Structure formats: structure tokens, C-alpha cells
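So the chains spell out like this:
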Amino acid sequence: MKWLRAIVIGSIAVLCLFVTADYLFDRTNIVNQQLNNALAAMPMQVRIDKVNHRLTQLGELQLQGVHWQDKFGDSVAIDNFQLKFNWRALLNNTLDINQITIEGVRFNASTQGLRQLQHELQANASEQPEQDDVEQSDISEYLPNKLILDAFALTQVEVAFATEHQQVNLQQANVSLRKLELTQLLEFDPVNLSFELNLALDNFAFADNQQQQNVKLDQLDFALELAPKLQINHTDLSIENIAFNQPNLESSIKHIAISGGFVAQWLNDTARLELFNWQTATAKLKTDVERLELVLPQQARNNSYVVEKLELVSQMAKEQLQLENLSFNAFGGQTQLQAQSNLTLPLDLRLKQLNLTNLNLQHYLAKPAEQTENATDTVDDSQPQTGSEEQTQQIEQVANLYLEQINISNLNAQLIDPETPPLQSEQSAWFALNKFNFELTDVAAVQQHKIVDLITLNNGAKAKLAARQLSYLDSQFNQLSLNVQQQEEGLVLTDSGLSTKDGRVQTQGTVFDKRRIGENSALVNLQTDIYRFDLAALQPFIGDSAFKPTGMLDANIDADLQFKPEENWLMQQGNVQIKSGPFAVEGIAMDKLINGFKASQETSLLDVGSFLVAGPVGMMAMQFVELTAGAAQFKGQSQIKSIEANAHVQNNLIRLDKAKLKTAENNLGFIGNVNLNKQAFEKFRFAILDDKDCPTIQQTLDGKFSEVKKVLFNTTSGAVTSPLSNVWRKAKDAAGGGCKSFFAM
């Protein structure tokens, strides 16, 4: 047994000597020598400060101080590289790596240096002698077909890279990869991949001197958990202090965090990446942004926009995208949105809720230029407007849009001319809306690719609007209100109107589109009450019109009309009544004109009629008629004591049954037809009346609006150019009872 003991002791001694020699033997010089021999003809060199490897620890390798450098100034340095793998797994065609760690990486390069390196490497490759073709055996069956990586770490990476006009600098980057597994290694398909990834970047900077662009990032953290079949179980993205600058835009984000997951549902286990379909996917996403700021330096005033505390929560499932919450703070207030949509065109959108609260909007925009008389659009009446088919706008990309709830609370808005000095901006807004509130409920805005009209507005839909103050240029309105609700009996308008300092305008009524019950008609019944309304508030909307109403107006307007919506909303039948109290008209001294005509006939009676047609009658006729040259000398003011008008409508033919206009010194009457289809007057008469409504002078108009100045007319005494005595002779006859009321003729 002594010999057996000796063999064992000897074996142990040999093993100890082998282990000791393996531990003490430094492979660094041999490795560096081999590297120098291999790279002798290359324009680069590699040096390793320390190589740690043991035959007794075959699956472990550590390199310290790895330096690579070419002769063009490019370099890479690695402080520490460590590899641990299970070499026994290779026997089962599996590459099982326990750990890869790379620490302290410094990369310094330039475009010019890398191009020179590439050029010399290609030159060296072309100088190598060609080798005879050697039959190569298939070794794929000996290669691993599965990869397992327990942990990979790339830490303390520094990058400095430069091109002719650009520079990239990264102070530190860290990458961590865990639990990576990939089957069918030789037939790579990302569908078979799974891993956990963490990426961190610190102090990243990019500069483009030519484009004058700069990007700076303090910190970025990204995490991803991927499972087979492209199942993203979780993602996290966090960004701290990112800024972007260029000549016309500056933006910055203080903090942004995005987290969520994504799962792809496959039809079978053999599904491949090219078969991926968004319609069969589910996902969840949550985003938080602490502060986002945009600055537009080229814009003098509208140059800064800030969004804070942005939160987005959404999920995707069953071909639907659910926006559970989108909320953020901006413009001094809060915005919150909930919505859903399908994922394919055409879209079926449903806005569940939109809340805008306490927003203060201020925008710099040039004040609109005042309108002039010459800017008035002319109407082409060459063809009769007999009604045409109503054209409904088609929206190809959106099939349906339903608005469940919109709430706007306490919104304030201002438009300010950019030429206004900064210290006067608050007081010099040419448009201001204060304490604006708006509610909209259950409205189908788009159905079957068509914008909804009154026929398809669903029952229960309602809109409510209120504002404490609205100012536009020199006009100011108080307490605006609008209340509309769709009911069975139609669209009901209640408690709607506006007010000025001491006056108000209120409107109520119904609009019933009978196409809802299969009839081609729509009924409109509206009553408007005007009390001490300051007509000066209309000045900005009139512009440089020749006639400007002034004063405090009391009036009542009642309209009971029936339309044909399918025939360009033709007025089929109905009645309109107008009554007003006293007010004034700047721009013409009508009494002076009329009295001057009576005294000397220096002007045509048509000048009087032109004003009347251009005023109340012209508005009904949708056409403005200029005064003739003779009236230019009668500039001034007209005091209107009252207006009374009763009109009947039949197929776009307005018949004035009785219309009276009283000035301070004269009474005027109107009767006859205004044909909107033909854009013409038909036996339309107006007259100067006495106290008994008997006409002292009258005129009849027949013809198109545009030809009113050319129309021939008749009077009770002949042409207006007749001798003055003829006119007053008729007046004398009237005094003797020889005439009857103008409205009874």
C-alpha cells in the first residue's frame, strides 16, 4: 500500500505545483507580444496592463488597463474587463455567460481620424496575397444554438467625438443587461429574445456650429424588460434637465418620466416579427413631465410657452386606444382630457371629457384694419338664386366624432397689438374675453363622415355659454350668455343674449328641423327684445360705412319662419315683425334732404330712397345701394323716432305689408316685394307721408338691386322732375280729402 500512498502524495504535489505555477505565471507579456505581432502591419496598437487568467478557472478572464490607439489620434481605454462563463455548457451547444463587466471606458475620436484609419486598413487589405480556395467544412452543428447571459455591465463610459462642424461629449454612461436569453442563435429573430436592460447617461452635450444647434442633457435613465414574443412587460424612462437651442427655437424639459408595458398577442407560437399587427396588441403607458418650456426668440412677444405637471395614462387593447387621463398645467390653469379611438382609419373618436380651468391666454396679434365701404363684397346677380342642393362637407379620415362633455371654466383671453409698449399691454388689448365659461354635453359632431347639422343633433345635446365681459376694439359687452338644448320639440334657445353698460339684448325661441321626422322643412321661431342697447358698440363691426347708427335703442323683433333645408334653406313662408324706438343715424341728414327736395327739387327723390334701401330694406335684400351724387351735400345726422315693419315671406319673396319710418320732421312708408331669388325689387314703393299716412310723393322700384339707380319710377304727380307746383297740387288735393292711406292702395 506504500506505493499507492506515494502515488497519491506525488499527484497532490504535482497538482499543487501546477496550481501554484498557474497562479504565479503572468500571461500579460505573452498576450501583449502576440497582439503586437498580429497588429505589426496595422496603423494601430493595443496594450494590456494586466491579464488575469487561470487554467484552473477556465471560464474566467480579467483584463486591466486595455488601451487601443491609432496613429491618427483616435483612442479607446478600458480600465477593467471581466468575463465569467460556464464552459461546460458549450458541450450542450449553449453559450452560458454568467457575467460581462466593462468599467471605465473612454472613447476619443474624430471623423477625420476614423476616415484615415479606414482608408489605411483598406489599403493594407488590398496588399495581402490572395489565398487559394480551400474547401470549408460545415461547423454549424458544433456552434452554440442558445445564448444565456446572466449579467452584462458597461460602466463609466466617456465619449468625446468631433466632426468638422459637430461635437459630441458624454461624461458618463452606464449600461446594465440582465437575464438575456436567445434561442435559435444561428437564426436570429428578435421574437425569441428576452432580457432586462438599464441605461444611464450623465451630462450629454451635442453642438452643431454650422446649424447653430445645441442639445444638453443632465441625466437620462432608461429601463426595459422584454419577454419572448415581443412582450414588453415594463418600461421606464426618466430625463432630467434637457435643453435644445437654435436661432428660432429654445426648449427645455426639467423632468420627464415615462413608464408602461406592451404585450403583443400572437396567433401561434411560431409567429415572426414580420407578422406583427398593432390591432392584435395591448399596451399600457404612463408619462409624467414636470416642466416643458418652449421659447421662440424670433417672435417679439409670443415667445415663451410653459407646460408643467403633465401626466398621461393610456392603454391599448382590442383595437382601441383608451386615453384614460391627459392633464397638465399651462397658461396659469389646468387642462384635463379623456378620450378613446380605434387604431385604424377611418377613426371613430369619442371625447369623453375635456376640462379647461382658469386659463389666462395672451397673444400678440396685429389689430385688424378698419373696413371701408369699398371693401364691401359685391353680389353677382347675373343668375337667379333659386336654391341649390345643400353641400355637406365630407371628412374622409374621421367616421364619427362624439363629444360627451366639454367644460371651460373661468377662461380669460387677450389679443394685443405687438406695437403696444410692454407697460401698456394689459390696458391696450384690442380683444379681451373675461371669465368665460362654456359647457357642451352629448353632441355628435361628426357622423358617417359628415359634420352634424340640426337634423342629426341627438336629443339631450346642450350647450351653455357665459362670459362676464367681451371687448373688441372700442366695443364692450357685458354678461354674454347662450343656452341651447336639443329637445323633442326642437332646438330650444333660452336666456341668451348680451348687455352693454345700461342695456341688453335677449333672444329666445325654438328651431325645429323637421327632417328629423322625414319632412323637408325647418321651423324657426325667435323673439328678440332690445332694451337701451348702445348702438355705438356696433361701430367696430361697421367700419367706414357711410351710415352709422347711434344712441340707445329699444326694439322688438319677432320671426316665425319656415325653411326648406334641402333647397339652400329657402324661406318657404312666415312672418317678421319689427318695432323700434328712437335712435340716430350718422352720415346723412335725411330731413334736410327731404325738406330740400320739397323746397327746390335740387336732388332726386331716388337719393332719399337710396338711403332707405341701403338701410333697413337693403339689409333684408342683402344688398347695399350707394347714394347718388346729389345726396353727398346732405351729410349730417338723422333722428329716427320709430320704425314699424310687418313682412310676410313666401318662397324667398319678402312682402312688406306695412312699414313706417318716422324721422324728427317726416314720415316715410314702404310697401311692396323684395325677391331674394331674383335679387330684385318688384313693385316696391316708398313715399313721404303726411300725418294721415297719405303720400305727398311716392316712388316705385322695379328691377334688380344692382340696377336700382337706373329704374324708371312714377309718382302721384308725374316724374320727380315735374314742376314743383304739380307736386304741391297733389298735396293740396290730399288736404281736401282727395287721397287715401298709402298702405290701403
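Everything below is about the structure printed above this text.
Residues numbered from 1 in each chain as written. Predicted model: local features only at pLDDT ≥ 70, side-chain atom pairs only at ≥ 80, totals over all residues. Heavy atoms only, no water.

A.B. asks: Teacher, can you tell me more about the overall build of the protein here?
C.D. replies: When helices and strands are tallied, the protein shows 7 helices and 33 strands. In the protein, which comprises 745 residues, the proportion classed as buried is 37%. For the protein, the proportion of contacts with a sequence separation of at least 24, taken over those separated by at least 6, is 56%. Carbon together with sulfur atoms contributes 53% to the accessible area of the protein, which is approximately 42400 Å² in total. (Helix = DSSP H or I, 4+ residues; strand = E, 2+ residues; numbered from the N terminus. Buried < 20%, exposed > 50% of the residue type's maximum accessible area, 1.4 Å probe, protein only. Contact = heavy atoms within 4.5 Å. Areas by Shrake-Rupley, 256 points an atom, 1.4 Å probe, with all protein chains shown as cover.)

A.B. asks: Would you mind showing me how to read the side chain of Glu-293 here?
C.D. replies: Looking at the element boundaries, Glu-293 is found in strand E11 (residues 281–295). Setting aside anything within four residues of it in sequence, one finds Glu-293 in contact with Glu-250, Ser-251, Ser-252, Ser-304, Tyr-305 and Val-306.

A.B. asks: Is there a simple way to explain unusual backbone geometry in this structure?
C.D. replies: Negative phi values dominate among residues other than glycine, just as trans dominates among peptide bonds. With an omega of -5°, the peptide bond between Leu-345 and Pro-346 qualifies as cis. Mapping Pro-346 onto the fold places it in the loop between strand E14 (333–342) and strand E15 (347–357). Unusually for a residue other than glycine, Gln-212 sits at a positive phi of about 55°. You can see Gln-212 is positioned in the loop between strand E7 (193–208) and strand E8 (213–227). When its relative accessible area of 52% is taken as the criterion, Gln-212 is described as exposed. Not every positive phi belongs to a glycine, and Gln-479 is a case in point at roughly 50°. Looking at the secondary structure, you find Gln-479 in strand E21 (residues 475–487). Judged by its relative accessible area of 48%, Gln-479 is partly exposed.

A.B. asks: I would appreciate a short explanation of the nonpolar core in the present structure.
C.D. replies: If you look at soluble globular proteins, the nonpolar side chains tend to sit buried side by side. Residues Ile-406 and Phe-684 are the most contacted members of the largest nonpolar core, which totals 102 residues. When residues of this core are assigned to their parent elements, the largest contribution, 6 residues, is made by strand E18 (residues 429–447). In this structure Ile-406 touches Leu-351, Leu-354, Phe-438, Glu-439 and Leu-440, once residues within four positions along its chain are discounted. (Core = buried A, V, L, I, M, F, W, Y, C linked by side-chain atoms within 4.5 Å.)

A.B. asks: When you look at the packing of aromatic side chains in this model, what are you seeing that I'm missing?
C.D. replies: Any aromatic ring pair is given by two values, namely how distant the centres are and how the planes are angled relative to each other. As enumerated under the stated definition, the model contains 9 aromatic pairs in all. Centre to centre, the rings of Phe-436 and Phe-438 are 6.4 Å apart; their planes meet at 10°, and the pair counts as stacked. Among the residues examined, Phe-436 registers a relative accessible area of 14% and is labelled buried. With a relative accessible area of 18%, Phe-438 lands in the buried category. Each residue in the set Trp-430, Tyr-472 and Phe-541 is aromatic and connected to the rest through ring pairs, giving one cluster. (Phe/Tyr/Trp six-rings, centres within 6.5 Å; stacked < 30°, edge-to-face > 60°.)

A.B. asks: Would you mind showing me how to read the pattern of salt bridges here?
C.D. replies: It is possible for side chains bearing opposite charge to pair when their charged atoms get close. Per the stated rule, a full pass over the model turns up 16 salt bridges. As a salt-bridge pair, Lys-514 and Glu-519 come within 3.1 Å of each other at their nearest N and O atoms. You can call Lys-514 buried: its relative accessible area is 18%. For Glu-519, a relative accessible area of 36% puts it in the partly exposed group. Via salt bridges that share partners, Arg-178, Lys-179 and Glu-196 belong to a single interconnected network. (Salt bridge = Lys/Arg side-chain N within 4 Å of Asp/Glu carboxyl O.)

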